[in-house]
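Understanding the architecture of this molecule
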Amino acid sequence: MEMPIPSDFRIARKSELMSRLRAVLPPECVIDDPMETRAYECDALSAYRCAPLGVVLPYTTEQVATALKICFEMDIPVVPRGAGTSLAGGSLPTADSIILGVARMNDVLETDYANRFVRVQTGRTNLSVTGAVEADGYFYAPDPSSQLACAIAGNIAMNSGGAHCLKYGVTSNNLLGVRLVTMQGEIVDIGGAQLDAAGMDLLGVICGSEGQLGVVTEATLRILHKPEGALPVLIGFDSNEVAGACVSDIIRAGVLPVAIEFMDRPCIRATEEFAKAGYPDCEALLIIEVEGSPLEIEEQLEKIMSIAAAHDPVEVRRANDSDEAARIWLGRKSAFGAMGQINDYMCLDGTIPVSKLPYVLRRIGEMSQQFGLGVGNVFHAGDGNMHPLILYNANEPGQLELCEQFGAEILKLCVEVGGCLTGEHGVGIEKRDLMDHQFAPDDLEAQMAIKDVFDPKWLLNPAKVFPLAASERRRDQGL
Amino acid sequence: MDYQPTSEAELSEIVKATTNPLAIVGGGTRRARPVKGDMVSTAGISGIVDYEPGALTMVARAGTPLFEIEATLAKENQQLAFEPLSLAGILGSSGHSTIGGVFAANASGSRRIQAGAARDFLLGVRFVDGAGKIVKNGGRVMKNVTGYDLVKLLAGSWGTLGILSEVSFKVLPISDVSATLSMKADDPKTAIDIMTTCMNTAFDVTGAAYDAVAGCVYIRIEGFEKSVAYRSGALQQIVSKFGAVDILEMTASRAVWTQIQNLSMLQNRDGDLWRVSVKPTDGANVVHAISPDAYVMDWSGGSIWMRVSKGMDVRGALGSIAGHATCYVGDAAMFHPEPENVRVLTDAIRRKYDPKAILNQGLMG
Ligand SMILES: Cc1cc2nc3c(=O)[nH]c(=O)nc-3n(C[C@H](O)[C@H](O)[C@H](O)COP(=O)(O)OP(=O)(O)OC[C@H]3O[C@@H](n4cnc5c(N)ncnc54)[C@H](O)[C@@H]3O)c2cc1C
């Protein structure tokens, strides 16, 4: 992955920048000791790293605004950061930028059960939002697998999803309002506690803008009352086609499970060896979870199992209590870890129309042969969001590049069959240069026009999302 | 000059060629406010392009009549789960709503509190911007974070950023069973207590509304038979402390929500028509501040449709209550004024998308 050449002019201004920041922020908020900034050199796409000029970790929105104003005046690019778990290189710095992290801003500001919302500072982790309301019977629905670590800031920037978004939607569907600081240091409030923001839907476009429009410091999030209970059923099939057809039949029958997860044989094998979850030895398996009272769970599971029965499953295993449920989820939850045991892996997340599942899985299998790299597939089947995990050996020269080429081919295939490059991880640097495959120049221009409005100098996270060539003129204007 | 393009390409040529203001209409059923300019109708850009019931997705050209979409979905026992609000009855407009108009107005009904708004169901758009350029964003898959979400920006932009030519959206199954708890409530405070009590349970309520004209609170539960019976029983117990509860089944239940969808209780009445959006527990404060002649509250109290005397300054009366007010019938500006630092952004976006300043001028900002 190519990154723009850092600007010597900006690098030369480092000491001036640091002293200006230190003059107005508490000393511990401004870091440029190389030992301390190391942790900020990369995110979860750890094949790419770069030391920033410095790191700023403010306590308040006003401090964020102050820091941004200085960077704006000095033409210094700013890379916003939550917890740094992006898989797309979203929070990867450049050598002429600073990292602005919200990790110190993690308070719950308001909890309102009658109106079902919480207002939090965005450095708070996803899981601890639920943690703050759980004892009273509530939860925050979007649940990325990284929820223990990732911050609401990154969730909003990436419009993150999770296993349960088939029923509850992704971040955007659960976000009511934000406080955002523009690159010029202007503090703007969008939306609020009511269910619809006034006028033009700026909230909708801010969510998923990958830290390129402003630094989000506070968020109003919808919370929901917890369901009475939830139980999964595991169903094994002897082909991907049949498993795919079963998913489609369940959806058509009007059952709306909270999650439908799909694992293929390579992934089942790997997780079996690693986690010993006792999964059946089969081509494909589905884990389908439903919610409600015991009676409602029973009613839905019966429907699902009778639909599955028509597809000759090799195994149907329903959970009767939370222990059995945990065992069914064990393999799925350790899938990434299991694949990581075998080798280094790259995780893609292209989305496809669900009807194209069998075809795409077959093509991925064929390409895996051609490239000579193994792939396991584990994904959210209900919404077509795939997660092919390509295995490679990072220590062997050329393998990372080969893996990236293979990944690019898979993503192009997703677009070809009517899908998209990324369903929940975001574009970052990783898929930036593939955007041309999904969008025509006018489509990209319409998106970049929004950035022009919020960030006319293109200083916020500039080398992300758009193909470098497409954004070059805009990024270079200050130089 | 009026235009009736029959394709997106033709629409693009029309917009490219003109410097006159354009008034964009789909079916003309939501034209609350007259807009000056040459009329451009999207009704000729019509037809369902793709429908995958097993994927819960449909793609249709913007001018496709809503009734055609709903009939096609109904054959597969599916629906637009956000229950597009219908304004035809209350505005006395003739013609048929188009799917493009539904999304351009982000017209969400009662199920918004549980299933989401129109904007949450919109997956992809194709539109012609004010310079005549054809732009696409989003797609036809349910999860998509590839680039900026212009889909949401276009939803609810009322034709001021671009003319929708094609939309793709998510649909949901029609539930087997629908039941509605009906209770008397004399004042908005009690009504909101009942509604928020029900929303704050595990029972997945899909509608919570108060028809102040009839003095009735309605709570809807939908799903499979046993589940609906269980949940309506459980809710009945919880709210019985507020008074007697009737349970309306199937036809009677659905009829209640159709009335709310059409704002029947506010039809054939004089006065201006407003909608105020606030957090639910502020609903009663809104009613006290404004004293409407008639009103109906949806979204658990957070969306209040009201008739007020002609010319009343609803926004002024709201005072410090956080939220916004939209004027559908009356002389006030249709949309709530934005704070200055937001207006700077929305104005600049409008200039980018509509450089000739010709799209539905004056409607939004
Ligand atoms: C093991 C693992 C599993 C994962 N599973 C999932 C999953 O199931 N679903 C899913 O969707 N994702 C998943 N992810 C990806 C990742 O966790 C999400 O993208 C997450 O939302 C990133 O949050 P973060 O706080 O770590 O953001 P960061 O990595 O810090 O930043 C992500 C992006 O947000 C921007 N940003 C950060 N803070 C701000 C701010 N205050 N204002 C504006 N922009 C900001 C950054 O510039 C960057 O572009 C997974 C990652 C890992 C490592």
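The numbering scheme is per chain: residues are counted from 1 as the chain's sequence reads. Numbering of ligands from 1 and lettering of chains from A proceed in the order in which they are written. Totals for whole chains, interfaces and linings use every residue, but because this is a predicted model, local features are given only for residues with pLDDT of at least 70 and side-chain atom pairs only at 80 or more, for both listing and counting. Hydrogen atoms and water are omitted, and side-chain values are computed over all heavy atoms in the structure.

**Brief notes about the site of the ligand**
Residue and element names in this part refer to chain A. Pro80, Gly82, Thr85, Ser146 and Ser160 are the nearest of the 32 residues found near the ligand. Between the ligand and the protein, one listed contact pairs an oxygen atom with a backbone N or O atom of glutamate 210 at 3.3 Å. We define a polar contact as two N or O atoms separated by no more than 3.5 Å, with the added condition that, inside protein, one atom must be a possible hydrogen donor and the other a possible acceptor, whereas residues neighbouring each other in sequence contribute only through side-chain atom pairs. Between the ligand and the protein, one listed contact pairs an oxygen atom with a side-chain N or O atom of asparagine 461 at 3.1 Å. Summarising the interface, the protein chains cover 93% of the accessible area of the ligand, which totals 980 Å² for the free molecule. The secondary structure listing takes helices from DSSP runs of H or I that are at least 4 residues long and strands from runs of E that are at least 2 residues long, numbered from the N terminus. Broken down by secondary-structure element, the contributors of at least two residues to the shell around the ligand are strand E3 (78–81), helix H6 (152–158) and strand E10 (215–222). Tallying contributions element by element places H6 first for the shell around the ligand, with 5 residues. The cutoff for a nearby residue is simple: one of its non-hydrogen atoms must lie within 4 Å of the molecule or strand. Working definition of accessibility: Shrake-Rupley area with a 1.4 Å probe, residue cover restricted to the visible protein chains.

**Notes on the nonpolar core**
Throughout this description, the term nonpolar core refers to a set of buried Ala, Val, Leu, Ile, Met, Phe, Trp, Tyr and Cys residues connected via side-chain atoms within 4.5 Å. Think of it in three bands: residues with accessible area under 20% of the maximum for their type are buried, residues over 50% are exposed, and the middle band is partly exposed, with areas taken using a 1.4 Å probe on protein chains only. Core analysis: the biggest nonpolar cluster contains 152 residues, and Leu202(A), Ile450(A), Phe454(A), Phe169(B) and Ile349(B) have the highest contact counts within it. Per-element accounting of this core gives the leading share, 9 residues, to helix H15 (residues 399–416) of chain A. Contacts are residue-level and defined by heavy atoms, with any inter-residue pair within 4.5 Å sufficient. Not counting the four nearest positions on each side in its chain, Leu202(A) is found in contact with Ile190(A), Phe454(A), Leu153(B), Val342(B), Leu345(B), Thr346(B) and Ile349(B). Within the second largest apolar cluster, 39 residues are counted, among which are Ala191(B), Met199(B), Val217(B) and Ile219(B).

**As for the domain arrangement of chain A**
All names here are of chain A. A domain assignment, automatic or from a database, supplies the domain bounds used here. Here chain A is partitioned into domain 1 (1–226 + 439–479) and domain 2 (230–416). Taken over C-alpha atoms, the centre of domain 1 sits 31 Å from the centre of domain 2. Counting from both sides, the interface comprises 10 residues of domain 1 and, opposite them, 12 residues of domain 2. As used here, buried area is the combined drop in accessible area, with a 1.4 Å probe, of two parts when they are placed together. Both sides together, the interface formed by domain 1 and domain 2 hides about 1100 Å², and carbon and sulfur atoms give 60% of it. Counted as salt bridges are all cases of a side-chain nitrogen of Lys or Arg within 4 Å of a carboxyl oxygen of Asp or Glu. The partner of glutamate 291 in a salt bridge is lysine 167, with the nearest N and O atoms 3.5 Å apart. Taken together, the links from domain 1 to domain 2 amount to 4 residue pairs in polar contact (both at pLDDT 80 or more).

**Describing the domain arrangement of chain B**
Residues and elements named next belong to chain B. Assigned domains within chain B: domain 1 (2–173), domain 2 (177–262) and domain 3 (264–329). Here the C-alpha centroids of domain 2 and domain 3 sit 22 Å apart. Of the residues lining the interface, 15 residues belong to domain 2; the matching set on domain 3 comes to 17 residues. In total, domain 2 and domain 3 occlude about 1300 Å² of area from one another, counting both sides; carbon and sulfur atoms represent 64% of this.

**Thoughts on the interface of chain A and chain B**
Contact residues are listed per partner, giving 97 residues for chain A and 70 residues for chain B. Taking both partners together, chain A and chain B bury about 6600 Å²; carbon and sulfur atoms supply 58% of that area. The largest per-residue losses of area from chain A upon contact with chain B belong to Leu195(A), Met200(A) and Arg252(A), which jointly make up 11% of the total buried on that side. Our enumeration of links across chain A and chain B arrives at 8 salt bridges. Ranked by the residues each element gives to the side of chain A that touches chain B, the list is headed by helix H17 (residues 441–454) of chain A, at 11 residues. In this classification, Asp, Glu, Lys and Arg are treated as charged, Ala, Val, Leu, Ile, Met, Phe, Trp, Tyr, Cys and Pro as nonpolar, and every other residue, Gly included, as polar. Looking at side-chain class alone, the side of chain A that touches chain B contains 43 nonpolar, 30 polar and 24 charged residues.

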